[in-house]
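Given next are the chains, with one letter for each unit.
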Amino acid sequence: MLFTLRSKTVFRETSRYVLLYNLLFADTVLLALTQLLYILAAGGIMLTYPVCGVLAMLTSLTNNISPLTLVVMSLERYVAVCYPLRHATIITIRNTGVAIIVVWAFSSLNVLTRVLLLLDFPFEALESLQMTDVCSDIAMLLGPMSDHYVKAYTCFVFVSASVAVICSYIGVMVAARSASTDKASTRKARNTLLLHLVQLGLSLSSTMHASIIISLSATLHRLVIGRIKITFYVFIFILPRCLSSLIYGLRDQTIRPVLMYHLCCQLKFSHRSKG
């Protein structure tokens, strides 16, 4: 999908495809990082706090990109349906680039705040910087301030993003009743926003998993917690990221033929190589 979205000029010069590329890029990096952390945990490899901190902060950064980008994509669909005559002047490539920069800057500010909170932890009191547990985002919540901040930030993003997507959906529903709007375009935008809402719920669940795991770890056995982590990883981290490619790769009439072309070419090339 990433290659497909860079293969045609129409994808590079259309705002919603540029936003989709940003979403898929962040999701791809997140999946690579979470796979690395999973392999390290499965192998029982213990990292040092600085190394784990870098991996955990990068994971947090890319994990927060998805819900924020989905909000921007929902607003873009809202403008396309409710203000079709002004869409070309409002949703430009320049404005899209600014929106993407704001999304990454906001996520980076969250990571910077978490790093500053980590610096208050008395590492000098530890005998060694070697961790005694596997590296994870939860393992880097070193102190009550970090825990409280993550919960507050998660609640803020959850409420703000949900309100933005729901309001966009309601706006499109209202526009659908207008006789002057394109019914087919409105229906497609409404379905896309509904899927965005599902994606948003799953993506925001991934930002809340740390708080859920911490709450459950106080009452459940360590082995049960490990199984819950694996279940969360599949259904909260992997599933929402796969949905993005499926939603646009199969539903979008512009992407689908190009994507199928590249997939078929890869299959033909692999068959020839084996032959």
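Points about the overall build of the chain
Phase 1 of the analysis: Counting its regular elements, the chain contains nine helices and zero strands.
Phase 2 of the analysis: Looking at the chain as a whole, 41% of its 275 residues qualify as buried.
Phase 3 of the analysis: A sequence separation of at least 24 residues applies to 78% of the contacts in the chain between residues at least 6 apart.
Phase 4 of the analysis: Carbon together with sulfur atoms contributes 69% to the accessible area of the chain, which is approximately 15000 Å² in total.

Thoughts on the pattern of salt bridges
Phase 1 of the analysis: Taken as a whole and judged by the stated rule, the model has one salt bridge.
Phase 2 of the analysis: Where Glu 76 meets Arg 77, a salt bridge forms, and the shortest distance between an N and an O atom there is 2.8 Å.
Phase 3 of the analysis: You can call Arg 77 buried: its relative accessible area is 17%.

Looking at the side chain of Arg 77
Phase 1 of the analysis: Mapped onto the fold, Arg 77 is located in helix H3 (residues 49–82).
Phase 2 of the analysis: Each residue touching Arg 77, except ones within four places of it in the same chain, is listed here: Arg 16, His 87 and Leu 193.

Some points on the state of the cysteines
Phase 1 of the analysis: According to the stated counting rule, one finds one disulfide in the structure shown.
Phase 2 of the analysis: The disulfide partner of Cys 52 is Cys 135, and the gap between their sulfur atoms is 2.1 Å. The S-S bond linking Cys 52 to Cys 135 shows a torsion near 90°; that makes this disulfide right-handed. With a gap of 83 residues between them, Cys 52 in helix H3 and Cys 135 in the loop between helix H5 (93–119) and helix H6 (144–176) connect regions that are remote in the sequence. Assigned by exposure class, Cys 52 and Cys 135 land together as buried.

Reading the values: the criteria
- Residues numbered from 1 in each chain as written.
- Predicted model: local features only at pLDDT ≥ 70, side-chain atom pairs only at ≥ 80, totals over all residues.
- Heavy atoms only, no water.
- Helix = DSSP H or I, 4+ residues; strand = E, 2+ residues; numbered from the N terminus.
- Buried < 20%, exposed > 50% of the residue type's maximum accessible area, 1.4 Å probe, protein only.
- Contact = heavy atoms within 4.5 Å.
- Areas by Shrake-Rupley, 256 points an atom, 1.4 Å probe, with all protein chains shown as cover.
- Salt bridge = Lys/Arg side-chain N within 4 Å of Asp/Glu carboxyl O.
- Disulfide = S-S within 2.5 Å.

The values are spatial; any link to function lies outside them.
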